[in-house]
Amino acid sequence: MATPEEIASLARTPLYSLAQELKARLTSFGGWEMPVQFVGISKEHEAVRNAAGMFDISHMGKFTLQGKNLISQLQTLVPSDLNRLQPGQAQYTVLLNPQGGIIDDIIFYYQGEDTSGEQRGVAIVNAATTNKDKTWLLQNLSTNEVKFQDLSPEKVLIAVQGPKATSILQSFVAEDLTPIKAFGFLEGTVLGKPAFLARTGYTGEDGFEVMVDLEVGLQLWQSLYNAGVVPCGLGARDTLRLEAAMALYSQDIDDTTTPLEAGLGWLVHLDTKGDFIGRSVLEQQKSVGVSRRLVGLQMLGRNIARHGYQVLSTGKVVGEVTSGTLSPTLGYPIALAYVPTQLATVGQQLFVDIRGKAYPAVVVKRPFYRAKNRVAN
């Protein structure tokens, strides 16, 4: 429990007062005071799965980058081939350290070239790692070639997620959102003002993440609320992302885990790009294999495997749970955990130590939940 002094030191997003008005329950998260729930985690979770929910994610880092050699500069920092991107397309990827560990997972949005031939892009990064990411980028990008701007304090970011999210959001957007594919985006108009709208999210459902100026963000939140979109907090955001098996930085991935260990091998394009930080480690892992993998677990009972719980096999500790919850959609406990590669096969029987007692679990295919009508890339 945070002390009053600690709470007073926390940062607050521009939408904080609206959360207070709705009597949200607040919590400390990554140096921010954020809503953990409004009407209840289960109700908020259900709203996103069945209709539409919205999240204040203004705490996340928001960077713009511009330069004639922007893509070639960024190519040395990530394992994904950014040359594949066309203007209006985004790439989920990771920043790597020399050991192949994940500094952060980010989304890079490629805006294309301006009239002077400079390439433009937007990077959205995790809130708790914003300063770390900013420092890393400025250390490893040539500031003579790339202009870097941190828009984090001055922009509102709202995620509108769920099967009805796009149709509801459309009434406040001048441009047609229908042609935008998953991981596509446009620079459009919301409530008559400039906006950045990306068909991305962290829930496993269709929807958009909308970046606007402060005044527009306040109006958009209220307009969506009046249209019946349910305000959602970090609690539902966590259960939704875990059902979709999306990694949470500092729990499921961190500076000591590589993308190949974390099941993010689809981000690693060794065959189509040149050198990048951490490449030699990933090449080695690709060649000889990894010693551990992040797997999905289904608990065979009602006991919930939480972060930090030990995973057992034949009575011995073999791994650790990174995230776990009772899935509101599926009705049983699910978890992510690192285990030795030889125990990472779907169907493998394992146990989780919960308060000194071993409870059975089985390795299952990820994601645990997949939306029926997801928009294609």
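Values in this document were obtained by computation on a predicted structure and should not be read as measured data.

Rules behind the numbers
- Residues numbered from 1 in each chain as written.
- Predicted model: local features only at pLDDT ≥ 70, side-chain atom pairs only at ≥ 80, totals over all residues.
- Heavy atoms only, no water.
- Pairing = 2+ DSSP bridges.
- Helix = DSSP H or I, 4+ residues; strand = E, 2+ residues; numbered from the N terminus.
- Salt bridge = Lys/Arg side-chain N within 4 Å of Asp/Glu carboxyl O.
- Core = buried A, V, L, I, M, F, W, Y, C linked by side-chain atoms within 4.5 Å.
- Buried < 20%, exposed > 50% of the residue type's maximum accessible area, 1.4 Å probe, protein only.
- Contact = heavy atoms within 4.5 Å.
- Axes fitted to C-alpha atoms, helices over the stretch in contact; angles between N-to-C directions.
- UniProt positions renumbered as here; feature names shortened; annotations may be inferred.
- Phe/Tyr/Trp six-rings, centres within 6.5 Å; stacked < 30°, edge-to-face > 60°.
- Lys NZ or Arg CZ within 6 Å of the ring centre and 35° of its normal.
- 1 Å grid on protein atoms, 1.4 Å probe; cavity = no way out; pocket = protein on both sides within 12 Å on 5 of 7 lines; lining within 4 Å.
- Points joined across faces, edges and corners; volume = space filled by probe spheres on them.
- Nonpolar A, V, L, I, M, F, W, Y, C, P; charged D, E, K, R; others polar.

### Here's the deal with the pairing of strand β19 (residues 357–364)
The pairing of strand β14 (residues 292–299) with β19 spans 4 bridges and is antiparallel. Bridge pairing links Q298 to V362 in β19. Here 6 bridges tie strand β18 (residues 349–354) to β19, and the two strands are oriented antiparallel to one another. In the strand pairing of β19, F351 is matched with P360. The loop that links β18 with its antiparallel partner β19 comprises 2 residues; one of these, R355, has a positive phi angle of about 55°.

### What to know about the pattern of salt bridges
All told, the structure shown has 13 salt bridges when counted by the stated rule. The partner of K155 in a salt bridge is D213, with the nearest N and O atoms 2.6 Å apart. Of this pair, K155 sits in strand β9 (residues 155–161) while D213 sits in strand β12 (residues 207–213), and the two are 58 residues apart along the sequence. D252 serves as the salt-bridge partner of R241, at 2.8 Å between the closest nitrogen and oxygen. Note that R241 is positioned in helix α8 (residues 234–243) and D252 in the loop between α8 and α9 (279–288), a separation of 11 residues in sequence.

### Quick look at the nonpolar core
Among the nonpolar cores identified, the biggest contains 43 residues, and Y109 and I253 are the most heavily contacted of them. Secondary structure elements with two or more residues in this core: β5 (89–96), β6 (102–113), β7 (119–125), β9, β11 (193–198), α8, β17 (333–340) and β19. No other element matches β5, which puts 4 residues into this core. Once residues lying within four places of it in the same chain are set aside, the contact partners of Y109 are Q89, A90, R120, G121, V122, I124, F185, F196, A198, T200 and E209. The next biggest cluster of nonpolar side chains, apart from the first, holds 29 residues, and it includes A24, V160, V173 and V190.

### Brief notes about the sheet that holds β9
In any sheet, the strands associate via hydrogen bonds between backbone groups, in a parallel or an antiparallel arrangement. Taken together, the 6 strands give an open sheet; going across it, the order is β10-β11-β12-β9-β3-β13, and neighbouring strands pair in mixed fashion. Here the strands that pair on one side only, and so sit at the sheet edges, are β10 (185–190) and β13 (230–232). With direction set aside, neighbouring strand axes in the sheet form an average angle of 30°. Sheet strands touched by helix α3 (residues 41–50): β3 (53–56), β9 and β13. Its angle to β13, the strand with the most contacts, is close to 120°.

### Focus: the UniProt feature "domain: GCVT N-terminal" (unreviewed entry) in the chain
In the UniProt entry, the feature "domain: GCVT N-terminal" (unreviewed entry) is given for residues 15–271. Between the C-alpha atoms that bound residues 15–271 there is a distance of 44 Å. The span itself is 24% helix and 32% strand.

### Remarks on the UniProt feature "binding site: substrate" (unreviewed entry) in the chain
The sites that UniProt annotates as "binding site: substrate" (unreviewed entry) are E209. Turning to its location among the elements, E209 is positioned in strand β12. Note on E209: relative accessible area 11%, which makes it buried. Not counting residues up to four positions away in its chain, the partners in contact with E209 are I57, Y109, L157, I158, A159, F196, L197, A198, T200 and G201.

### Some thoughts on the packing of aromatic side chains
Summed over the entire model, instances satisfying the criterion amount to 6 aromatic pairs. Arranged with centres 5.2 Å apart and planes meeting at 90°, the rings of Y109 and F196 form a pair that is edge-to-face. Remark: F196 occurs in strand β11 and Y109 occurs in strand β6; sequence separation between them is 87 residues. Note on Y109: relative accessible area 2%, which makes it buried. Classification of F196 as buried rests on a relative accessible area of 9%. Within the aromatic cluster, the residues linked to one another by ring pairs are Y109, F185 and F196. If you follow R237 out to its NZ or CZ, it ends over the ring of F55, 5.9 Å from the centre. The cationic tip of R292 hangs over the ring face of Y338; the distance from NZ or CZ to the ring centre is 4.6 Å.

### Brief notes about the layout of surface pockets
Looking at the second largest pocket, its volume works out to about 290 Å³. Every residue lining the second largest pocket is counted, 17 residues in all, and those nearest its centre are T64, Q111, L151, K155 and E187. Of all the secondary-structure elements, those providing two or more residues to the lining of the second largest pocket are β4 (61–67), β7, β11 and β12. The class makeup of the residues in the lining of the second largest pocket is 8 nonpolar, 5 polar and 4 charged.

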